[in-house]
Amino acid sequence: MSIQREDADVSTGTSGPIAGEQTLIIPLVPPVTREVPGARICFTNGGTTTVRLAGNRTPARVAANPTRTRLNDDPRIDFFAAERSSRLGLAGSVAERLPMLKAGFLGGWTIWALAALVCVVWLFAFSLIRSLDT
Amino acid sequence: MSRRVTAATRQVRELPRSLWVCAAIATLNALCWALITPTFWVPDEPAHAGYVQHVAETGEIPSLTTPPRLGLFGASEEQAITYGWLPFGVEGQPSWSSSVDRRLAAKLSEEPPLNRSRPGQALNAGSNPPLYYFLESLPYRAAYNASFLDRLLAMRAFSALFAGLTVLFGFLFLRQLLPGRPWAWTVGSAALAFQPVLGFMSGGVNNDAMLYTLGAALLWSVARAFRLGLGPRTGALIGSVLAIGLLTKTTMLALVPGLIVAVVVLILRAAVKRRALTGAFVLALSAGVPFVVWLVVKGLATGQPTAPAGGVVSSSASGGLDSLFDQINYTWQAVFPRLPFMVDQIPHYIPWDVYFQGFVGRFGWFQFGFPDAWYWVALAIFVVGLALVIRALAQHRDALRARWPEALAYVALFGGVLLAVEVAAYRYHLALDLFFEQTRYLFPVLALYSAFVALAAIGAGPKWERAVGALAIVLAMGHSLFSQLLTISHFYL
C-alpha cells in the first residue's frame, strides 16, 4: 500500500499474508505525521490469490446493529495513530476534534465549556445529597 | 378561571426545590451529550433531522409516496452532503480531519444555497406522527440563517429539554408513589437524571426523547389516579397525556394494555362507579379523538396509512407476522431461557446482552459500550439493589397488600412495552434477518427505574436509608461521567 501525493510516495507499507476474515492493519513507513491533502492511496496485491475486500460491522449506513451482525460489504480505510500515547497526552487532540463537523461557532473552547457544564451538574448533585439530611 | 390559574401557580410554587434541581441536572447532562456525540451518531438522527427540516421548511408532513420526478426524492442536499462527509469508521472510530471539517463547512454555506427540503427526506422516520418535529422546527427556524450543522445543534439543545421534563414527571410519579418520603423522591429522580442512555438519546434529534417524557407523564397521571380515584379530571389528564404521546410516536400504544389494566382496577375499586366510568369515558375520548384525527389528516395529506403494526415501536420494524407459534417462541426466548422443545431463534440472551448491557450503556448506533467486566460489576450492584427492593417490599408488605392492584398496573405497563418491542423484533427479524431489540425502546417506562432506586434506598432501613440514597446518587453520577468519558474516548482518541 502506498500513500502518494502528486505521484510521489509519502509513505508505504506492506502486509503479511492474512487468513480468513480480519481487519487488515498495515504499518506505514515513515508514519504520516500530518494531514496530506489530495492524497491518493494505492493498493497492489503481491500475492497469488485474489484479494477480496469485504465486510463492515459499522451500523450507521442502515440502522442500529445491536448484535453486530455482518452487514453489506463496504470496504474502507481508517488511519490509526503510529504510537500509543497516554490518554491525558491526547487531550489536545480531543479538544481539537470535539467541535469538528458540528456547529460552526464551536471551537477549541468547547471541551472547557463541557467540563464547566459537568462541574455545574455535579454541584447541583452535591446540593441534592446535602438536602437528604433535612 | 383566574382562581384556577392562581391555584395552579400556587401548586407549582409549592413543588420542592429538588424537583427543579433534578430536572436541571437532566437537561444540562443531555446538553453535554449533545456536544459530545458526533453529528448523526445518535440512532436514526439523519432521518429525524430530515423530518424536522421538511416540516420547518415547508410546513408539511413529509411524504412516503413515490416521487413525482425521479431524483427529487429522499434526503435534502444539506442532509445528504452532511451524511456523506461524516467519518464513519469500520470499528466506529471516525477519522478526523480539519481540512474535511473546513471543506464541509464551506460546502454547506456555498452559493447558490443547497436544497433544504424534498419529499421523503424523513427516510425511515416518515411514518411517525408529527408533534415532536413541529416542536423541533422552533429551534430550527430560530437558527434559520445559520448553517445546517448550527441548526442541528439548536435542535439537539431543544431536545435536551425533554430529558429535564422526563425527570420532572419521574419526580412527580415518585411523589404519588411514595408519599411522605421526600428524600426518596430526590434519590430516585437524581438517579434518573444521570441515566446515561436517557441523556445520550435526549441529546440528539430523535422523537424518543419526547416519548420518554410522555411515558413518565403517563406513569405520573396513573399514579395520581390511584391516589385521587378515577374521575373526569384524572381521566382527562391521563387521556391528554396519552393523546400527546400518540401524536409523538405510536410506541405510546404499547402502554395501552397496561393502562387498560389500571383503568379496570380503578373502576372496580371506585366507591362511586358512575364517576369512575365517566372518567374512563373521558379518558378514551380525550386520547382517541386527537389520534383518529391525526390518522385521517395523515391519510389525506400523504395518502399513506400510519406505520404498520410493527411501527408501534419503530417504523423500521414492518415485516409480516409469519407464524403465531414462531412469534410466541421468539418472544419467550427473548425474555426467558429457551425450553427444550423450542427452536433456537436467538443466538444470544437478550435480557443480558441487549437490555441490561444497553441500560448500563451502549452508545452510538447501539454499538459500543463498556468492557465486559464493567457489566458484571453493574450486575452485582443491580443484584444488591434488587435485594434491597425486595426487603423494602417485605418490610412494607401491609402497604403493598393494600396497593397490589396499583403495583399490578405498573407491571402491566412494563410488560406491555416489552411485549410490543418483542412483537416488532420478531417481524424485523423475519424481514431483515437482523435483531431489532434496543434498550431505548423500553424507556417509555423509564420512570420505574427511579422507583427501583428509591425503593432500594428505603430497603436499607431507617438508619441507613439516606446514606444508601446518597451512595446511589454518587454511583449514578459516576455512571454518567464514565459513560461520557467512554464516548469521548471512543470517538475522539
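Everything in this summary refers to the structure shown in the same document. Along each chain, residue indices are assigned from 1 in the same order as the chain's sequence is written. Naming scheme: in the order in which they are written, chains are lettered from A and ligands are numbered from 1. Selection of residues for local features in this predicted model requires a pLDDT of at least 70, selection of side-chain atom pairs for listing and counting requires 80 or more, and totals for whole chains, interfaces and linings are taken over all residues. Excluding hydrogens and water, the side-chain values take into account all heavy atoms of the structure.

### A word on the overall build of chain B
Stage number 1. The way it works is that DSSP assigns letters per residue, a run of H or I at least four long becomes a helix, a run of E at least two long becomes a strand, and they are numbered from the N terminus. In terms of helices and strands, chain B carries 20 helices and 2 strands.
Stage number 2. For the radius of gyration, the atoms used are the C-alpha atoms, and the globule rule reads 2.2 Å times the number of residues raised to 0.38. The C-alpha radius of gyration computed for chain B amounts to 23 Å, which stays within 12% of the reference 23 Å derived for 493 residues, consistent with globular compactness.
Stage number 3. Exposed residues in this analysis have more than 50% of their type's maximum accessible area, buried residues have under 20%, and partly exposed residues fall in between, with area computed by a 1.4 Å probe over protein chains only. For chain B, the proportion of its 493 residues judged to be buried stands at 58%.
Stage number 4. Partitioning the intrachain contacts of chain B with sequence separation of at least 6 by distance along the chain shows that 79% fall at a separation of at least 24.
Stage number 5. For accessible areas, the Shrake-Rupley method is used with a probe of radius 1.4 Å. Any residue's cover is judged against the shown protein chains and nothing else. Looking at chain B as shown, the accessible area adds up to about 19,600 Å², and 68% of this sits on carbon and sulfur atoms. By the convention used here, residues are in contact when the closest approach between their heavy atoms is within 4.5 Å.

### What about helix H7 (residues 148-177) of chain B?
Stage number 1. Multiplying one less than the number of residues by 1.5 Å gives the expected span of a helix. The end-to-end C-alpha distance of H7 of chain B is 44 Å, a good match for the 44 Å that 30 residues give at a rise of 1.5 Å each.
Stage number 2. Most of H7 of chain B sits inside the fold, with 24 of its 30 residues counted as buried.

### Quick look at helix H19 (residues 447-459) of chain B
Residue and element names in this part refer to chain B.
Stage number 1. When the terminal C-alpha atoms of H19 are compared, their 19 Å separation across 13 residues agrees well with the 18 Å that a helix rising 1.5 Å per residue should span.
Stage number 2. Burial runs high along H19: 11 of the 13 residues are buried.
Stage number 3. For H19, the secondary structure elements touched by its buried residues are H7, helix H8 (182-193), helix H10 (208-228), helix H15 (350-361), helix H16 (372-395) and helix H20 (465-492).
Stage number 4. Immediately downstream of H19, the backbone of Gly461 shows phi near 90 degrees, a positive value.

### A closer look at the pairing of strand E1 (residues 2-5) of chain A
Residues and elements named next belong to chain A.
Stage number 1. Of the strand pairs in this sheet, E1 and strand E2 (residues 8-12) are connected by 4 bridges, and their pairing is antiparallel. For Arg5, the partnering residue across the bridge sits in E2 and is Ala8.
Stage number 2. At least two bridges found by DSSP between two strands is the condition for calling them paired. In this sheet, strand E3 (residues 40-42) lies alongside E1 in antiparallel orientation, the contact comprising 3 bridges. Bridge pairing in E3 places Ile3 opposite Ile41.

### Comments concerning the pattern of salt bridges
Residues and elements named next belong to chain B.
Stage number 1. By definition here, a salt bridge exists when the distance from a side-chain nitrogen of Lys or Arg to a carboxyl oxygen of Asp or Glu is within 4 Å. Per the stated rule, a full pass over the model turns up 16 salt bridges over all chains.
Stage number 2. Across the pair Asp208 and Arg440 runs a salt bridge, and its minimum N-O distance is 2.7 Å. Placement of the pair is Asp208 in helix H10 and Arg440 in the loop between helix H18 (404-432) and H19, with a sequence separation of 232 residues. Each member of the pair, Asp208 as well as Arg440, carries the same accessibility label: buried.
Stage number 3. Between Arg403 and Glu406 there is a salt bridge, and its shortest N-O distance comes to 3.0 Å.
Stage number 4. Judged by its relative accessible area of 2%, Glu406 is buried.
Stage number 5. Taken together, the shared-partner salt bridges in this structure form one network comprising Asp44, Asp208, Lys249 and Arg440.

### As for the state of the cysteines
Here a disulfide denotes a covalent bond joining the sulfur atom of one cysteine to the sulfur atom of another.
Stage number 1. In this description, a disulfide is simply a cysteine sulfur pair whose atoms lie within 2.5 Å. Counted according to the given criterion, the structure contains 0 disulfides over all chains.
Stage number 2. For the unlinked cysteine Cys119 of chain A, the closest cysteine sulfur is that of Cys32 of chain B, found at 9.8 Å.
Stage number 3. A residue is classified by how much of its surface remains accessible, and Cys119 of chain A, at 48% relative accessible area, is partly exposed.
Stage number 4. Cys22 of chain B takes part in no disulfide bond, and the closest cysteine sulfur to it belongs to Cys32 of chain B, at a distance of 16 Å.

### Description of the nonpolar core
All names here are of chain B.
Stage number 1. Residues Phe173, Leu178, Leu218 and Tyr410 are the most contacted members of the largest nonpolar core, which totals 172 residues.
Stage number 2. At 16 residues, H7 tops the list of elements feeding residues into this core.
Stage number 3. Beyond its immediate stretch of four places on either side in the chain, Leu178 contacts Ala184, Trp185, Ala454, Leu455 and Ile458. In this text, buried Ala, Val, Leu, Ile, Met, Phe, Trp, Tyr and Cys residues form a nonpolar core when linked through side-chain atoms within 4.5 Å.

### Details of the environment of Ser240 of chain B
All names here are of chain B.
Stage number 1. Relative to the helices and strands, Ser240 resides in helix H11 (residues 232-246).
Stage number 2. According to the relative accessible area criterion, Ser240 is partly exposed, its value standing at 33%.
Stage number 3. In this structure, the C-alpha to C-alpha distance between Ser240 and Gly120, residues 120 residues apart in sequence, is 30 Å.

### Here we look at the sheet that holds E1 of chain A
All names here are of chain A.
Stage number 1. Taking strand neighbours across the sheet as the criterion, the 3 strands line up as E2-E1-E3 in an open arrangement whose pairing is antiparallel. The open sheet has two edge strands with one neighbour each: E2 and E3. Recorded for the sheet is a direction-independent mean angle of 30 degrees between the axes of neighbouring strands. Fitted lines through C-alpha atoms serve as axes, helices being fitted only where they are in contact, and the angles separating the N-to-C directions of these axes extend from 0 to 180 degrees.

### Observations regarding the interface of chain A and chain B
Interface size is commonly expressed as the accessible area that is lost once the parts come together.
Stage number 1. Each partner contributes residues to the interface: chain A has 49 residues there, and chain B has 65 residues.
Stage number 2. By buried area we mean how much accessible surface two parts lose on assembly, using a 1.4 Å probe and totalling the loss over both. Buried surface at the junction of chain A and chain B, both sides included, amounts to about 5,200 Å², of which 68% is carbon and sulfur.
Stage number 3. Inspection of the region where chain A meets chain B yields 0 salt bridges.
Stage number 4. Definition of a polar contact: a pair of N or O atoms within 3.5 Å, with one able to donate and the other able to accept a hydrogen when the atoms are protein atoms, and with sequence-neighbouring residues admitted only if both atoms are side-chain atoms. Connecting chain A to chain B are 7 residue pairs in polar contact (both at pLDDT 80 or more).
Stage number 5. Contributing elements (two or more residues each) for the side of chain A that touches chain B: helix H1 (91-97) and helix H2 (110-131) of chain A.

### Remarks on the packing of aromatic side chains
All names here are of chain B.
Stage number 1. Ring pairs are drawn from Phe, Tyr and Trp, using the six-membered ring of Trp, whenever the two centres fall within 6.5 Å, and their geometry is named by plane angle: stacked under 30 degrees, edge-to-face over 60, tilted for the rest. Within the structure shown, the criterion is met by 33 aromatic pairs over all chains.
Stage number 2. Ring geometry for Tyr428 and Phe436: centres 5.1 Å apart, planes at 55 degrees, overall tilted. Grouping residues by exposure puts Tyr428 and Phe436 together as buried.
Stage number 3. An aromatic cluster of three or more residues is present, and its members are Trp33, Trp41, Trp96, Phe200, Phe363, Phe368, Phe491 and Tyr492.
Stage number 4. Each ring is checked for a lysine NZ or an arginine CZ that lies within 6 Å of its centre and within 35 degrees of its normal; such an atom marks a charge sitting over the ring. Above the face of the Tyr144 ring, Arg116 is positioned so that its terminal group lies 4.5 Å from the ring centre.
Stage number 5. For Arg141, the ring lying beneath its charged end belongs to Tyr144, and the centroid distance is 4.2 Å.

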